[in-house]
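Observations on the model geometry
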Amino acid sequence: MSVEPGRFDVDAVDAVVLDIEGTTSATGFVVDVLYPYARARFGALLAARGAEPEVARAVAQVRAEAGEPDADAARVEEILGRWVDEDRKATPLKTLQGILWAEGFARGDLVSHFYPDVIEVLRRWHADGVRLYVYSSGSVAAQRAWFAHSPEGDLLGLVSGLYDTENAGPKQEADSYRKIASSTGVAPERLLFLSDRPGELDAARAAGWRAVGVRRAGEPYADADFGDHPVVADLEQFMTGTTAVTSVSAVTAADLEEAGAVLAAEAARFASFGWMRGTSGNLSLVLSRDPLRLAVTASGRDKGELTSSDVVLTDGAGAAVGPGRPSAEAALHARVARLTGAGAVVHVHTVASVVMGQRSPEGLVFEGLEMLKGLGHPTHEVSVTLPVIANSQDMTVLGDRLEAALAPGMPAVVVAGHGIYVWGADAREARHRAEVVEWLLELELARR
Ligand SMILES: CSC[C@@H](O)[C@@H](O)C(=O)COP(=O)(O)O
Ligand SMILES: [Zn+2]
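Residues numbered from 1 in each chain as written. Chains lettered and ligands numbered in written order. Predicted model: local features only at pLDDT ≥ 70, side-chain atom pairs only at ≥ 80, totals over all residues. Heavy atoms only, no water.

Digging into the overall build of the chain
The line we're drawing: Each helix is a run of DSSP H or I of at least 4 residues and each strand a run of E of at least 2, with the numbering of both proceeding from the N terminus. Two things to know: the radius of gyration comes from C-alpha atoms, and the globule rule equals 2.2 Å times the number of residues to the power 0.38. Exposure is judged per residue with a 1.4 Å probe applied to protein chains only, and the accessible area is read against the type maximum: over 50% gives exposed, under 20% gives buried, and values in between give partly exposed.
In terms of regular secondary structure, the chain is built from 15 helices and 15 strands. At 23 Å, the chain has a C-alpha radius of gyration in line with the 22 Å of a compact globule built from 448 residues. With respect to the principal axes defined by its C-alpha atoms, the chain has extents near 70 × 55 × 35 Å. A buried classification covers 55% of the 448 residues belonging to the chain.

Thoughts on the confidence of the model for the chain
Formally: Per-residue confidence from the predictor is reported as pLDDT, a score between 0 and 100. A contact between two residues is defined here by any heavy atoms of the two lying within 4.5 Å.
Here the chain averages 92 in pLDDT, and 95% of its residues register 70 or above. Contacts of residues 1-7 to residues separated by more than four positions or lying in other chains number 24 contacts, the stretch itself having pLDDT below 50. Segment residues 241-249: pLDDT under 50, and 24 contacts once partners within four positions in sequence are set aside and those in other chains are kept.

A short note on the sheet that holds strand 7 (residues 282-289)
Formally: Should DSSP find at least two bridges between two strands, the strands are taken to pair. Fitted lines through C-alpha atoms give the axes, limited to the stretch in contact for helices. The angle between two N-to-C directions lies from 0 to 180 degrees.
Across the sheet, seven strands lie side by side as 9-8-7-10-15-14-13; this open sheet has mixed pairing. In this open sheet, the two edge strands, each paired with only one partner strand, are strand 9 (311-314) and strand 13 (388-389). With two bridges joining them, strand 13 and strand 14 (residues 412-415) adopt parallel strand pairing. Looking at the pairing, Ile389 lines up with Val415 of strand 14. Against the sheet, helix 15 (residues 427-447) makes contact with strand 7, strand 10 (344-348), strand 14 and strand 15 (419-424), and its axis sits at roughly 140 degrees relative to strand 15, the strand it touches most.

Some thoughts on unusual backbone geometry
In this structure, Asp87 takes a positive phi of about 50 degrees despite not being glycine. Note on placement: Asp87 falls in the loop between helix 4 (73-86) and helix 5 (91-107). Judged by its relative accessible area of 34%, Asp87 is partly exposed.

Points about the coordination of the zinc ion (ligand 2)
Formally: In this description, a donor is an N, O or S atom within 2.8 Å of the metal centre, a cutoff extended to 3.2 Å for sodium, potassium and calcium. Water is not part of the atom list, which can make sites seem incomplete. Every geometry call rests on angle ranges, with four donors termed tetrahedral when all angles are between 85 and 135 degrees, four termed square planar and six termed octahedral when opposite donors are over 155 degrees apart and all others are between 65 and 115, and everything else termed irregular.
Here the zinc ion (ligand 2) is held by the protein donor atoms Glu329 (OE), His347 (NE2), His349 (NE2) and His418 (NE2), which lie 2.1 to 2.8 Å from it. The coordination sphere of the zinc ion (ligand 2) comprises six donor atoms, whose angles at the metal cover 63 to 167 degrees; the geometry is irregular. In the primary structure, the donors to the zinc ion (ligand 2) are separated according to the pattern E-x17-H-x1-H-x68-H. Here His418 lies in the loop between strand 14 and strand 15 and His349 lies in the loop between strand 10 and helix 13 (351-359), a separation of 69 residues in the sequence.

Set out below in structure tokens:
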């Protein structure tokens with residue numbers, strides 16, 4: 001029996017193996033919080049504890065990998081810093097970071113990050129007798145600290161084993177998955193691997209495992225091509241098979257009407273904000289992923305007065321596959337859903353987006369703002385760019401511009417002189433993000 005999003009059958013697998021960065025947790029947390037934390041402490045670690053066996057072994061590995069057998073502590077620190085900048089997945093770098101992070105977590109300096117859907121699902125799988133393992137490029141020490149110091153306390157009791165590139169091998173090689181299977185004693189076909197990286201899914205499948213991609217909006221691999229791997233937007237989908245993304249289900253008239261009701265309510269709210277004056281703006285929800293089907297608001301309607309039937313079913317190119325005329329911008333909604341894995345797209349004509357798009361055609365940079373956490377960033381100490389693209393009446397041209405402009409950590413694009421596109425996993429998330437992005441634009445407008 002296959003394991004498909006929305007149809008997770010605990011009888012089909014004995015164990016789930018989890019990637020961390022981009023899958024259970026925000027990559028941004030690692031890059032923005034953990035990397036700088038360790039980097040600031042490499043020097044002190046090498047100076048004070050270079051003789052400890054684990055540190056000494058890692059230092060020897062750094063020298064070997066860098067081809068500099070005589071590198072002193074200062075030079076090793078420099079090499080480590082460069083590898084951090086390059087995001088190089090070097091084993092000794094991971095080991096030393098792991099040591100520092102474990103201590104940071106133990107001291108309470110650090111608390112790990114999990115996406116809001118994850119911990120509850122892991123608890124339910126564990127309660128159902130599904131064994132859970134971790135396979136991450138972060139060291140085993142870092143993984144242990146990560147699970148022991150979660151926002152909901154110590155989760156290590158849920159996990160039966162931890163694997164990294166040292167005890168299992170590289171994540172894109174099938175042999176690593178064979179090694180893990182034999183170490184767990186679980187038959188390959190009863191192991192399910194979850195990751196945000198298609199190359200890792202390929203390797204797991206080559207070893208006979210089941211593999212499902214996790215495509216989270218805003219993550220570095222959100223636009224990746226997952227080939228024929230099943231894909232979910234969050235782990236909750238294994239439990240509920242939400243209407244936002246299912247892999248096989250045919251869309252019924254009732255599904256479309258239900259989506260129409262959601263979109264009408266969202267549009268009424270946006271109209272009340274003054275963001276959908278007259279007939280401006282349009283909204284969509286993904287109803288099925290394979291084949292891609294969207295519910296898109298009907299074209300030319302008063303967006304403050306939509307009803308549940310003012311919605312049109314479209315294909316993955318935004319063309320109608322049922323009665324009615326979809327939004328003139330339906331193709332762009334479909335393109336955003338394909339590119340980002342989003343389950344909902346919001347397009348509104350706000351005054352701030354029109355003005356700021358015209359004033360800043362090169363894009364807008366936001367940093368140091370608590371509000372950025374509303375876009376999924378774990379801290380205000382990030383710098384994110386809101387891209388601006390030129391308007392066009394040709395949706396292919398506009399789609400190409402949007403694709404080229406997509407920026408990490410920013411689920412939105414401004415169309416100069418026109419409005420803004422914002423997306424999220426579902427209608428509520430897309431709305432929250434639209435409110436945050438609009439707030440950022442209004443802030444910028446007030447500043448200038
Ligand atoms: C004042 S409506 C402008 C439209 O051309 C368009 O930009 C828009 O947002 C609404 O178009 P619609 O086809 O109703 O979805
Ligand atoms: Zn528009």
